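What follows is the residue order along each chain.
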Amino acid sequence: MTITSFQVALWIELLAAGLGGLQGALFAAGERHRRIDVLGVIVIGLAVSLGGSLLRDIMLNQPPVVIWKNWYLLVAGASAVLGMVLQPIFARADWLITVLDAVVMGLFGAIGASKALSLGVGEAGALVVGIVGAIGGGMLRDVILSLPISFLQVGTLYAVAAGAGAGTLILLAELGTPIPIAGLVCVAVTTTVRLAAIRFNWTFPEQ
Amino acid sequence: MTITSFQVALWIELLAAGLGGLQGALFAAGERHRRIDVLGVIVIGLAVSLGGSLLRDIMLNQPPVVIWKNWYLLVAGASAVLGMVLQPIFARADWLITVLDAVVMGLFGAIGASKALSLGVGEAGALVVGIVGAIGGGMLRDVILSLPISFLQVGTLYAVAAGAGAGTLILLAELGTPIPIAGLVCVAVTTTVRLAAIRFNWTFPEQ
Amino acid sequence: MTITSFQVALWIELLAAGLGGLQGALFAAGERHRRIDVLGVIVIGLAVSLGGSLLRDIMLNQPPVVIWKNWYLLVAGASAVLGMVLQPIFARADWLITVLDAVVMGLFGAIGASKALSLGVGEAGALVVGIVGAIGGGMLRDVILSLPISFLQVGTLYAVAAGAGAGTLILLAELGTPIPIAGLVCVAVTTTVRLAAIRFNWTFPEQ
């Protein structure tokens with residue numbers, strides 16, 4: 001059985017890249033005590049937006065699409081600047097950004113896991129690649145800022161939401177479900193788990 | 001002269017992966033004040049166990065085996081959970097874990113250096129790849145936890161033991177020694193240097 | 001239009017690698033309170049010297065030249081040791097090292113951006129790869145030492161100088177300028193921006 005990569009229209013991917021740039025800028029605004037300059041904000045925006053795709057392609061030994069094609073960097077950079085300038089407005093749309101972020105996380109989880117499967121990676125590896133694709137941007141941001149990587153700590157459930165979605169996609173793909181359908185289910189599962197975790201204050205047990 | 005890669009039976013590699021997962025979990029137990037959740041412990045276990053192989057293959061521009069084949073991730077993850085649950089028992093077998101760890105470090109040094117040589121990498125690069133293969137898991141763990149990378153500091157001699165073994169392998173391979181023999185010598189040298197460093201409290205001079 | 005990679009004589013590249021190793025050692029000397037041993041100094045020297053080239057080739061999905069060929073590692077490692085031993089002498093040649101560093105940054109920016117273009121990477125990606133090639137060594141040093149990556153902070157203008165040079169090269173290459181000329185212009189622009197930023201105390205606005 002040949003598994004194909006989950007494809008979405010370019011404008012959806014660019015919308016996702018733009019949202020990532022925005023979130024990077026809003027995060028940087030909360031770290032003002034570090035004296036980050038305008039360029040630093042753009043770098044953090046690019047990292048949050050494109051870091052997951054970059055790490056995914058490096059782990060899969062493929063040329064990183066976000067480096068090769070201009071649009072990703074341009075959209076992510078522009079939205080980081082926008083996020084910095086309009087920060088007070090976006091800060092008020094907090095819930096909207098949270099919802100969109102959950103959808104984007106599901107999207108990148110689906111792209112990562114299906115791309116891995118299409119290259120012949122095993123199920124366990126595809127799950128890891130899906131999770132890294134979904135949350136790698138935040139990981140790269142934390143490494144750049146020398147913060148402990150936030151998903152390791154109690155009360156975020158980021159990786160769990162990404163893993164639940166990617167795991168469902170892998171299961172469905174193995175059962176022969178067409179990838180476009182499996183991809184949409186992945187987005188739905190990740191979004192639901194993520195928003196439910198926030199709404200009901202779910203946490204994972206501490207060690 | 002064609003140099004082949006040092007091959008060990010899959011069960012030996014998986015045993016090594018399992019030991020890495022265990023050590024990651026024990027390390028995480030010592031960092032309880034960071035409020036790492038169960039998932040975080042598994043991530044640290046995977047990083048310690050498989051990080052060296054992942055970084056090695058990325059540096060060699062090869063598809064990472066630990067991503068491609070299911071067994072590595074499954075064994076490393078399961079042993080991290082085991083290490084978390086049975087932590088009090090394993091903590092008492094401290095010396096056994098130290099010895100096994102030295103052997104595993106030698107093993108991954110031999111695999112890394114010989115894989116590099118087999119791809120046409122020069123001696124200096126093969127030495128670096130061997131060392132990264134041997135101690136890269138600990139490096140990745142430290143980056144994830146935002147700790148200063150421990151091997152840079154006085155009194156560990158981790159990298160020295162790995163380098164002594166990998167260097168010996170490279171020398172022997174250049175002299176025409178069959179790789180299986182050179183690999184075993186590498187394991188013996190690394191284990192000896194590492195255990196002697198602990199036993200006799202060897203350190204490297206500070207700058 | 002086919003764009004070729006900017007080539008410089010091997011001895012120039014090795015001189016650049018040597019300067020990087022030297023700077024790594026001088027940086028390590030300033031971090032003495034961390035109790036970094038001799039090996040740690042060498043590792044920091046290698047990271048500063050070769051980190052940019054390594055990250056560049058990983059982002060371009062190419063076998064890293066600094067791993068494959070012996071000379072880079074040997075020269076960078078030897079100069080790190082030299083820098084450690086002769087630290088008081090080099091500390092007095094501060095201004096010379098600053099000038100040489102600016103030239104080297106321009107050189108690696110030109111190599112990175114042109115190598116990316118020659119592989120078919122878009123202009124935005126080539127700019128990022130050029131900047132990473134130029135300043136990636138310092139980034140890797142900061143990650144290894146768990147310092148916040150310094151170029152994100154106010155008052156360094158490192159990335160700006162590298163970006164101005166690489167951007168100029170990309171523009172000239174698109175206009176059909178032969179790469180050797182575009183590369184030299186890149187070095188001149190980067191050096192000028194960097195030294196002017198130091199001389200006139202230029203900064204980028206904070207967010």
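Residues numbered from 1 in each chain as written. Chains lettered and ligands numbered in written order. Predicted model: local features only at pLDDT ≥ 70, side-chain atom pairs only at ≥ 80, totals over all residues. Heavy atoms only, no water.

**Some details on the overall build of chain A**
A tally of helices and strands in chain A yields nine helices and zero strands. For chain A, whose C-alpha radius of gyration is 16 Å, the value lies close to the compact-globule estimate of 17 Å for 207 residues. With the principal axes as the frame, chain A shows a C-alpha extent of 50 × 40 × 30 Å. Looking at chain A alone, contacts between residues at least 24 apart form 78% of all its contacts between residues at least 6 apart. Taking the 10 positively charged and 10 negatively charged side chains of chain A as two groups, their mean positions are separated by 8 Å. (Helix = DSSP H or I, 4+ residues; strand = E, 2+ residues; numbered from the N terminus. Rg over C-alpha atoms; globule rule 2.2 N^0.38 Å. Contact = heavy atoms within 4.5 Å. Lys, Arg positive; Asp, Glu negative; His and termini not counted. Charge placed at Lys NZ, Arg CZ, Asp CG, Glu CD.)

**Let's talk about the side chain of Thr191 of chain A**
Inspection of the secondary structure puts Thr191 of chain A in helix H9 (residues 179-199). Apart from residues no more than four positions distant in its own chain, Thr191 of chain A is found in contact with Ala102 and Val103 of chain A.

**A short note on the interface of chain B and chain C**
The interface is formed by 28 residues belonging to chain B together with 27 residues belonging to chain C. Interface area for chain B against chain C, summed over the two sides, is near 2,500 Å², with a carbon-plus-sulfur share of 61%. Counting across the interface, chain B meets chain C through zero salt bridges. Joining chain B to chain C, the criterion identifies four residue pairs in polar contact (both at pLDDT 80 or more). Elements that contribute at least two residues to the side of chain B that touches chain C include exactly helix H2 (38-59), helix H7 (123-144) and helix H8 (158-174) of chain B. When residues in the side of chain B that touches chain C are grouped by element, the largest group, six residues, is from H7 of chain B. (Buried area = accessible area lost by both parts, 1.4 Å probe. Salt bridge = Lys/Arg side-chain N within 4 Å of Asp/Glu carboxyl O. Polar contact = N/O pair within 3.5 Å; in protein donor to acceptor, adjacent residues only side chain to side chain.)

**Some thoughts on a nonpolar patch on the surface**
All names here are of chain A. Taken together, the side chains of Val81, Leu82, Val85, Leu86 and Ile89 present a nonpolar region at the surface, about 410 Å² in accessible area. With three residues, the top contributor of residues to the nonpolar patch is helix H4 (residues 70-85). On the secondary structure map, Leu86 appears in the loop between H4 and helix H5 (87-92). Of the residues examined, Leu86 reaches a relative accessible area of 32% and is grouped as partly exposed. (Patch = residues over 30% accessible without salt bridge, like charges linked within 9 Å, V, L, I, M, F, W, Y side chains within 5 Å. Areas by Shrake-Rupley, 256 points an atom, 1.4 Å probe, with all protein chains shown as cover. Buried < 20%, exposed > 50% of the residue type's maximum accessible area, 1.4 Å probe, protein only.)

**What to know about the relation of the copies chain A and chain C**
In screw terms, the move from chain A to chain C is a rotation of 120 degrees and a rise of 0.0 Å along the axis, fitting with an RMSD of 0.0 Å. The superposition of one copy onto the other is thereby described by a three-fold rotation axis. Of the C-alpha atoms belonging to chain A, the one lying closest to the rotation axis is found on Ser146 of chain A, 3.4 Å away. (Least-squares fit on C-alpha atoms with pLDDT ≥ 70 in both.)

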